[in-house]
Amino acid sequence: MSTFAPGSAHLTCRALVVDREGRFLRVRDPAELPGAQAGAGDSTLLEAALRAVTDRTRLARSDLCLPPELLTTPAHIETIAPGHYEFTFALYLAHELPEPLEGTDWLPVEQLKSGSLQAKLSALKLTGRPAPVNASAPVIPRPAKAPGAGGTELNIVGVHLYAEDEDGRVLLGLRHPDSAFAGGAWHFLAGHCERESAAACLVREAYEEAGVVIDPADLELAHVVHVLHGPSARPRMQLVFRARRLGGTPWLREPDKCLAWRWWDRDALPEPLVPYARTAIDGIRVGRIYSELGWCPA
């Protein structure tokens, strides 16, 4: 299995497979949920959890479905020790099995040790038709609007990572020249919210883009920039979260999107820098929580 770059976090990804009777699957030796350490070859944390199921049981991916309420968001995230994080994904058993799985047991969910995980599972609807495991998040229609049109308009929500090292330097990435947005410019680690919470989105993007792990409990909203890039553009609400701790060392997981990760002194920020990223950094320095860019004065 591929391994992470030196100094990166230890990531354990587990699969909580629940059948239609509300029981969960546990392997016997050792007695635990199927789990595997995530490696550089796993495109997402969910992929590592799915690999754990297929490696440690005779289940195939076609036997599994994702609860539509969770999609690709972990049902539970736990800090086991400094630098060691455990992600648990809840999955459905898609159909009844023709015979028992050797070396496994189906147990009542009440026997799970994690109270917070039990609470999340109790909110799931364990009936109905779940989504296939390879389904993407549902697409929310985004109708175009004429410039200057009144009424409600959906805003695109972006999440951004504001992280400082022990010297107070800020982490920025150099975007690939072929990027659709801000090619060749420096920017925060960032992404767009899918059907997930903003914190879950940032946790996912941090791992997918730079191989670092963030505990949602270590995130705090540091700044918001409401951006309009032009009169016909969709408004964008850019949420910038400060991470008090990072698990692992940033490295290039997506070289087609980012050419380098580097820590920069806030008094010597690189050029070119995405304008609203500079606005957010300046706002954070003076304790301002909100800024606007591109809007006509009221």
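Right above here is the structure, for reference.
Source: prediction; values computed, not measured.

## A word on the sheet that holds strand β11 (residues 186-187)
The strand order across the open sheet formed by 3 strands is β11-β10-β15, and the pairing between neighbours is antiparallel. Of all the strands in the sheet, the pair left with one neighbour each is β11 and β15 (258-264). Across 6 bridges, strand β10 (residues 170-175) lies against β15 in antiparallel orientation. Paired with L171 across the strands is W263, a residue of β15.

## Examining helix α4 (residues 275-286)
Residue pairs three or four apart in sequence face the same way in an α-helix, which turns once every 3.6 residues. Between the first and last C-alpha of α4 there are 17 Å, a value that for 12 residues agrees with the 16 Å anticipated at 1.5 Å per step. Among the residues making up α4, those that are buried are Y276, A277, T279, A280, I281, G283 and I284. Where α4 is buried, its residues contact β9 (156-162), β10, β11, β13 (219-227), β14 (236-243) and β16 (290-293). After α4 finishes, the residue G287 shows a positive phi value of roughly 80°.

## Here's the deal with the sheet that holds β14
Here we have 5 strands laid out as an open sheet, ordered β12-β9-β14-β13-β16, and mixed in their pairing. On the outer flanks of this sheet lie β12 (189-192) and β16, each paired with one strand and no other. Shown here is a sheet whose adjacent strand axes are inclined to one another by a mean of 25°, direction ignored. Across 4 bridges, the pairing between β13 and β16 is parallel. Across the sheet, the residue bridging to V227 is L293, located in β16. On top of the sheet, helix α3 (residues 198-210) reaches β9, β12, β13 and β14; it is set at about 125° to β12, its chief contact. Sitting on the sheet, α4 touches β9, β13, β14 and β16, and the angle it makes with β13 is about 130°.

## What to know about the pattern of salt bridges
All chains considered together, the criterion is met by 21 salt bridges. With a closest N to O distance of 3.1 Å, R28 and D105 form a salt bridge. Of this pair, R28 sits in the loop between β2 (23-27) and β3 (35-37) while D105 sits in strand β7 (residues 104-108), and the two are 77 residues apart along the sequence. A relative accessible area of 48% places R28 in the partly exposed class. Given the relative accessible area of 23%, D105 is considered partly exposed. E99 is the partner of R58 in a salt bridge, and the nearest nitrogen-oxygen pair spans 3.5 Å. Of this pair, R58 sits in the loop between α1 (45-56) and β4 (64-66) while E99 sits in the loop between β6 (84-93) and β7, placing them 41 residues apart in sequence. Shared partners join several salt bridges into a network, and the residues in it are E164, E220, R242, R244 and R266.

## Side note on a nonpolar patch on the surface
A grouping of L221, I289 and Y290 is seen on the molecular surface, where their side chains present a nonpolar patch of about 270 Å² in accessible area. Turning to its location among the elements, I289 is positioned in the loop between α4 and β16.

## Things to note about α3
Here α3 is 13 residues long and its end C-alpha atoms lie 18 Å apart, about the 18 Å a rise of 1.5 Å per residue gives. Burial of α3 is extensive: 12 of the 13 residues sit out of reach of the surface. Among the residues making up α3, those that are buried are A198, A200, C201, L202, V203, R204, E205, A206, Y207, E208, E209 and A210. Backbone geometry just downstream of α3 places G211 in the positive-phi region, at approximately 70°.

Parameters and conventions
Residues numbered from 1 in each chain as written. Predicted model: local features only at pLDDT ≥ 70, side-chain atom pairs only at ≥ 80, totals over all residues. Heavy atoms only, no water. Pairing = 2+ DSSP bridges. Helix = DSSP H or I, 4+ residues; strand = E, 2+ residues; numbered from the N terminus. Expected span 1.5 Å × (residues − 1). Buried < 20%, exposed > 50% of the residue type's maximum accessible area, 1.4 Å probe, protein only. Contact = heavy atoms within 4.5 Å. Axes fitted to C-alpha atoms, helices over the stretch in contact; angles between N-to-C directions. Salt bridge = Lys/Arg side-chain N within 4 Å of Asp/Glu carboxyl O. Patch = residues over 30% accessible without salt bridge, like charges linked within 9 Å, V, L, I, M, F, W, Y side chains within 5 Å. Areas by Shrake-Rupley, 256 points an atom, 1.4 Å probe, with all protein chains shown as cover.

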